[in-house]
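Here's the letter readout for the chains.
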Amino acid sequence: MAIVYEKSKGLTDAELHYCPGCHHGIIHKLVAESLVELGLLDEAIGVCPVGCSVFAFNYFSCDMQEAAHGRAPAVATGIKRTHPTQAVFTYQGDGDLASIGAAEIVHAAMRGEKFTTIFVNNAIYGMTGGQMAPTTLIGQRATTCQSGRTVEQAGMPIRMAELLSTLDGCVYAERVCVTDIANINKAKRAIKKAFEKQMNREGFTFIEVLSTCPTNWGMTPLKANAWLKENMAAYYPLGVIKDSSAEVK
Amino acid sequence: MQKELWKGNEAIAEAAIRAGCDCFFGYPITPQSEVPEYMSVHLPEHGGVFVQSESEVAAINMVYGAAASGMRAMTSSSSPGISLKQEGISYLVGSELPAVIVNCMRGGPGLGTIQPGQGDYYQATRGGGNGDYRTVVLSPSNVQEAVDFVQEAFDIADQYRNPVMVVCDGLIGQMMEPIEWHPVPKRDLPPKDWATTGRKGRDHHNIINSLYMDPEVCDQHNANLAKKYALMEQNELRWEEKECGDAEVVITAYGTPARIALTAIEALRAEGIKAGLFRPITLWPFPEKALHELAGKTHVKAFLDVEMSSMGQMIDDVRLAVEGQKPIRFLGHAGGVMPTVEEIIESVKKALKEVQ
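Since the structure is predicted, the reported quantities are computational estimates derived from the model, not experimental observations.

### What to know about the overall build of chain A
So, step 1. For chain A, the count of helices and strands is 11 helices and seven strands.
So, step 2. The C-alpha radius of gyration computed for chain A amounts to 17 Å, which stays within 12% of the reference 18 Å derived for 249 residues, consistent with globular compactness.
So, step 3. Considering only C-alpha atoms, chain A reaches an extent of 50 × 50 × 35 Å along its principal axes.
So, step 4. Counting across all 249 residues of chain A, residues that qualify as buried make up 54%.
So, step 5. For chain A, the proportion of contacts with a sequence separation of at least 24, taken over those separated by at least 6, is 67%.

Listed below in structure tokens is the structure:
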């Protein structure tokens, strides 16, 4: 029988701990496939965050480091500066990257660190049980804003891809989602492009992946997918936010 | 060997380069800024990497990433900045990563002063971050020792896969002194086959991590770390005794106050008062047994602990070692004020009078 589909060699055989309907599994697969297809798996060093993807070091089959909460971009800086020819990436959630690690991501981008950040934005703190994140939408309920986030209390949600794209060191920022096949394919292309630009030493590359959290959103996986498209994609527009090579052309 | 005149902080940086430091990550803070300044110029000349980080928090995490990928990594700071690095130091220990951290101590609390201090003793010797842990803490009392200890610190860190701290008070960092670049002891070090360098054909992936969700496994991890601390206690203890053979009053001090004490001891002995100095060189492990034995000698009548700290911090370790055998008196200043020779002489005489 012919093999038509195989699990990526970029992933280990460890069983994923993610909740049903969570997008982390799909995003892991896309990153792993990209590393394999670009021939980078044997060279790559990844950094995982604190949050739902804290155990990503068990799932990616390349060398992996676990960072303190929010510090992955600083950790990746230490790796990439001393291993400039190798592929380095951080895999971070929105609490990790947009809240406690805001300084680290902004300055890594400012310095134009030549690594790739995969930013999984599910608009909530998943691992700790559904608290408000800086990315939580106005009106969205979380355990620390039980009547819904208000502007008065917490301000407007932060758009990290747009924020980072104002920095010259950030050469590529794209926002994608993985709710359906077409978007999964787009996300894969974006991730591969980011790694290619990293290996061309162009600068800092950033892929924001809008993701669901059915457990903490209190929705079925399908309803969560629909909610993402209707609400998250409306506030966090999908597409290329910045591509320096396109600007040059 | 020819002597050269070096400023403490620059000598510390040069010593690290000579010890094979691959990368330095730092943030400006007085009185240690000459370390990153020197590194920014000279480390790249030797093929090393210098990055000025956005914060001390970032610097220690850059150290984490580089150390975890097999590099000899270093950072330096001064007291308030070292506080910010404590999270990272805890993670370095938890993930079993070697690194060298220099604290050029100033007075606190808070912003305190930019003048020399010794108020970070607890933080350095008890593990200032979360969790149970220890780091070897080397305490030079002159620029020559600072240079020697920084070079050795890299080997100690690599031997145990644990960060090593070198704590100088700000005076040592800022002072110029003649030093010589003599060779320091080198150790046979294990290969860094655990490092995340990229698999490059390796049949398994390496993981650097401090997270253990299973309490039994975390307990075992801590037990394994404790075995390393026990080895450090066994192998890395250093202290110095001066004029303790017949001393009636023994001064306990480290860093700059230990040097001031030596001048006081000379003056006291000229007056016929038998004073001596017990100087811990490793603040952790603390030379508890040696001090305990000294306290048991019949000629020792009292101890005088001298620190650049308002209430004393090392004095707690002195008390634990002396175990009530002899009275312990204290002389200390914080906020950048040095104990003077005259004050020490007066305090020794007072301590002696109280026990006679």
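### Observations regarding the domain arrangement of chain B
Interface size is commonly expressed as the accessible surface area that is lost when the partners come together.
Residues and elements named next belong to chain B.
So, step 1. Each domain of chain B was delimited in the assignment, giving domain 1 (4–235) and domain 2 (240–355).
So, step 2. Taking only C-alpha atoms into account, the centre of domain 1 sits 29 Å from that of domain 2.
So, step 3. With 27 residues of domain 1 at the interface, the matching set in domain 2 holds 20 residues.
So, step 4. Within the residue set of the side of domain 1 that touches domain 2, elements represented by two or more residues are helix 5 (121–126), strand 6 (136–138), strand 7 (163–169), helix 7 (170–174) and helix 8 (215–235).
So, step 5. Residues belonging to the side of domain 1 that touches domain 2 are distributed by class as follows: 12 nonpolar, 12 polar and three charged.

### Observations regarding the interface of chain A and chain B
So, step 1. With 28 residues of chain A in contact, the opposing surface of chain B contributes 35 residues.
So, step 2. Counting only elements with at least two residues in the side of chain A that touches chain B, the list comes to strand 2 (63–66), helix 3 (72–82) and helix 5 (102–110) of chain A.
So, step 3. With eight residues, helix 3 of chain A is the largest single contributor of residues to the side of chain A that touches chain B.
So, step 4. When the residues that make up the side of chain A that touches chain B are grouped by side-chain class, the tally is 13 nonpolar, eight polar and seven charged.
So, step 5. For strand 2 of chain A and strand 9 (residues 207–208) of chain B, the ladder comprises two bridges, and the chain directions are parallel. From the neighbouring strand, A:Gln65 faces strand 9 of chain B, where its bridge partner is B:Ile208.

### Observations regarding the sheet that holds strand 14 (residues 302–307) of chain B
Residues and elements named next belong to chain B.
So, step 1. Reading across from one edge, 10-12-11-14-15 is the order of the five strands in this open sheet, with mixed pairing throughout. In this open sheet, the two edge strands, each paired with only one partner strand, are strand 10 (239–242) and strand 15 (328–332). The mean inter-strand angle of the sheet, taken between neighbouring strand axes irrespective of direction, is 20°.
So, step 2. Pairing geometry for strand 14 and strand 15, over five bridges, is parallel.

### Section: the environment of A:Arg81
Residues and elements named next belong to chain A.
So, step 1. Mapped onto the fold, Arg81 is located in helix 3.
So, step 2. A tally of 24 C-beta atoms within 10 Å means that Arg81 is categorised as buried.
So, step 3. Put simply, Arg81 and Leu238 are 157 residues apart on the chain and 31 Å apart in space, counted from C-alpha to C-alpha.

### Notes on the environment of A:Lys29
Residues and elements named next belong to chain A.
So, step 1. Relative to the helices and strands, Lys29 is located in helix 1 (residues 24–37).
So, step 2. Accessibility expressed as a C-beta count within 10 Å gives 19 for Lys29, which makes it partly exposed.
So, step 3. The spacing of Lys29 and Lys188 is 159 residues in sequence and 9.2 Å in space, taken between C-alpha atoms.
So, step 4. When neighbours within four sequence positions are excluded, Lys29 is seen to be in contact with Ser8 and Leu11.

### Observations concerning the sheet that holds strand 3 (residues 88–93) of chain A
So, step 1. Spatially, the eight strands line up as an open sheet ordered 7(A)-5(A)-6(A)-4(A)-3(A)-1(A)-2(A)-9(B), and their pairing is mixed. On the outer flanks of this sheet lie strand 7 (239–243) of chain A together with strand 9 of chain B, each paired with one strand and no other.
So, step 2. Sheet topology note: the strand 3 of chain A/strand 4 (residues 116–121) of chain A ladder contains five bridges and is parallel. Directly across from A:Tyr91, in strand 4 of chain A, lies its bridge partner A:Ile118.
So, step 3. Relative to the sheet, helix 3 of chain A contacts strand 1 (45–48), strand 2, strand 3 and strand 4 of chain A, its axis offset from that of strand 3 of chain A by approximately 175°.

### Regarding the packing of helix 1 (residues 8–18) of chain B against helix 2 (residues 34–42) of chain B
Residue and element names in this part refer to chain B.
So, step 1. It is at 8 Å that the axes of helix 1 and helix 2 come closest, and there the two elements cross at 45°. Looking at the two axes, helix 1 sits oblique to helix 2. In terms of crossing hand, the pair formed by helix 1 and helix 2 is right-handed. Where helix 1 approaches helix 2, its residues Asn9, Glu10, Ile12, Ala13, Glu14 and Ile17 are matched on the opposing element by Glu34, Val35, Tyr38, Met39 and His42.
So, step 2. Taken together, the residues of the contact of helix 1 with helix 2 break down into six nonpolar, two polar and three charged.

### Section: unusual backbone geometry
All names here are of chain B.
So, step 1. The omega angle of the peptide bond from Thr30 to Pro31 is 5°, so this bond is cis rather than trans.
So, step 2. Secondary-structure assignment places Pro31 in the loop between strand 2 (23–26) and helix 2.
So, step 3. Following Gly108, the chain continues to Pro109 via a peptide bond in cis, the omega torsion being -5°.
So, step 4. Checked against the element boundaries, Pro109 lands in the loop between strand 5 (99–105) and helix 5.
So, step 5. For Glu243, which is not a glycine, the phi torsion comes out positive at approximately 60°.
So, step 6. Take Glu243: it is sitting in the loop between strand 10 and strand 11 (249–252).

### As for the pairing of strand 3 (residues 49–52) of chain B
Residues and elements named next belong to chain B.
So, step 1. Along strand 3, the buried face is formed by Val49 and Val51; none of Phe50 and Gln52, which line the opposite face, is buried.
So, step 2. Across four bridges, strand 2 lies against strand 3 in parallel orientation. Bridging across to strand 3, Gly26 finds its partner in Gln52.
So, step 3. Handedness of the β-α-β unit built from strand 2, helix 2 and strand 3 comes out right-handed.

About the thresholds
Residues numbered from 1 in each chain as written. Chains lettered and ligands numbered in written order. Predicted model: local features only at pLDDT ≥ 70, side-chain atom pairs only at ≥ 80, totals over all residues. Helix = DSSP H or I, 4+ residues; strand = E, 2+ residues; numbered from the N terminus. Rg over C-alpha atoms; globule rule 2.2 N^0.38 Å. Buried ≥ 20, exposed ≤ 12 C-beta atoms within 10 Å, placed from the backbone. Contact = placed C-beta atoms within 7 Å. Domains from an automatic or database assignment. Nonpolar A, V, L, I, M, F, W, Y, C, P; charged D, E, K, R; others polar. Pairing = 2+ DSSP bridges. Axes fitted to C-alpha atoms, helices over the stretch in contact; angles between N-to-C directions. Parallel < 35°, antiparallel > 145°, perpendicular 65-115°, else oblique. Left-handed = near helix turned anticlockwise from the far one by under 90°. Right-handed = clockwise from strand over helix to strand, strands pointing away.

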